[in-house]
Amino acid sequence: MKKTITFLTVLILILALAATLTGLLTRGGPGLREIEGFRGEPVTLWGRGLYQEDSLSVAAQGLAQEAVTLGAGIPLLALSLVLYRKGSLRGALLLAGTLGYFLYTYVSYVFLWMYNPLFLLYVALMSLSFFAFLLVMGDISPGQVARRADPRMPVKRLGGFLIFFGAAVGLLWTGKILASLMGGVPPQGLDHYTTLVIQGLDLGFVVPAACLGGVLLIRRKPWGYLLSAVMLVKGFTMGLALSAMIAAQAAAAVAMSVGELVVFPMFSVLVVYFLWEFLRHIRPEGLQEGK
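Everything numeric in this text was worked out from a predicted model, so none of it was measured.

For the structure on display, the rule yields 12 aromatic pairs. Positioned above the aromatic ring of W46, the side-chain terminus of R48 is 4.0 Å from the ring centre.

Here helix α6 (residues 155-183) crosses helix α7 (residues 197-218) at 155°, and the two axes come no closer than 8 Å. Taken together, α6 and α7 sit at an angle that is classed as roughly antiparallel. Judged by the twist between their axes, the crossing of α6 over α7 is left-handed. A per-class count over the contact of α6 with α7 returns 17 nonpolar, 8 polar and 3 charged.

Ranked by size, the top nonpolar core spans 85 residues in total, and within it Y106, Y122, I140, M153, L232 and F278 carry the most contacts. Looking at this core, the elements with two or more residues in it are α1 (2-25), α2 (56-85), α3 (89-111), α4 (119-139), α6, α7, α8 (222-251) and α9 (258-280). Take this core: its biggest share by element is 15 residues, from α3. Apart from the residues within four sequence positions on either side, Y122 is in contact with A19, L50, Y51, E66, Y106, Y109, V110 and N116.

On to the pattern of salt bridges, then. Counted according to the given criterion, the structure contains 4 salt bridges. Residue D150 is joined to R152 by a salt bridge in which the shortest nitrogen-to-oxygen separation is 3.0 Å. A salt bridge links E277 to R280; the shortest N-O distance between them is 2.7 Å. Residue E277 and its partner R280 are both found in helix α9; the two are separated by 3 residues, about one turn of the helix. Its relative accessible area of 4% is what places E277 among the buried residues.

Cut-offs applied
- Residues numbered from 1 in each chain as written.
- Predicted model: local features only at pLDDT ≥ 70, side-chain atom pairs only at ≥ 80, totals over all residues.
- Heavy atoms only, no water.
- Phe/Tyr/Trp six-rings, centres within 6.5 Å; stacked < 30°, edge-to-face > 60°.
- Lys NZ or Arg CZ within 6 Å of the ring centre and 35° of its normal.
- Axes fitted to C-alpha atoms, helices over the stretch in contact; angles between N-to-C directions.
- Helix = DSSP H or I, 4+ residues; strand = E, 2+ residues; numbered from the N terminus.
- Parallel < 35°, antiparallel > 145°, perpendicular 65-115°, else oblique.
- Left-handed = near helix turned anticlockwise from the far one by under 90°.
- Nonpolar A, V, L, I, M, F, W, Y, C, P; charged D, E, K, R; others polar.
- Core = buried A, V, L, I, M, F, W, Y, C linked by side-chain atoms within 4.5 Å.
- Buried < 20%, exposed > 50% of the residue type's maximum accessible area, 1.4 Å probe, protein only.
- Contact = heavy atoms within 4.5 Å.
- Salt bridge = Lys/Arg side-chain N within 4 Å of Asp/Glu carboxyl O.

Below is the structure:
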């Protein structure tokens, strides 16, 4: 199992490095240009490099995501793999959460970004991240994580934060969608895309996983410890990406809702503290003990 996970993760590291450098370094193109979306609304395209057919908003987010993946995601994935191979339970939890970040990232690249020459690379990264994530999750015993947890772990505070985050994101996105449905107009930021991929991923996976993990952690159930660890690590990496995206969109004068400007940066700061709180209350015995 460990050899297979190592092989898949090394492939992810190599391919992600190639994808991020290509996205950040490619240039050329006509520059900003305006088109009419198929709903009749004006859409400003980025017009440069790999993301030249993407809207200004999505291209700004993509470049910010590439920078965070290169500067934080790839190093964290490499570090967590080294720790995992040494038998560290903390390393396994970090690896699972970081693979969750890569899976989420490249699912969004496959289904949201406009088709570009790296499409097959994105598909490969999505697939590799999915199977590596499943294998790592299968290699971690929820009961082992619960046994390694310090009884003094502040489960109510940690679980409450996860529930709050899940509820906040859920309300933010459902409010945006309901306003669109009630007004009979496309949601803000849909641009020339066909559907709300990020909102679908968050409402379908992130929100329920955060809320369920929080509830189970408060009740000190084994799966609560494992699910909360994964969500906190994934939240840390995604928080970095979201902060970079918001800064990039602001620099590009992209309109954003007040909720997006407030909820995500606040979460990005809080999740660092709660991730540290969780990991410091996990005793550092090896991964294989107690399985």
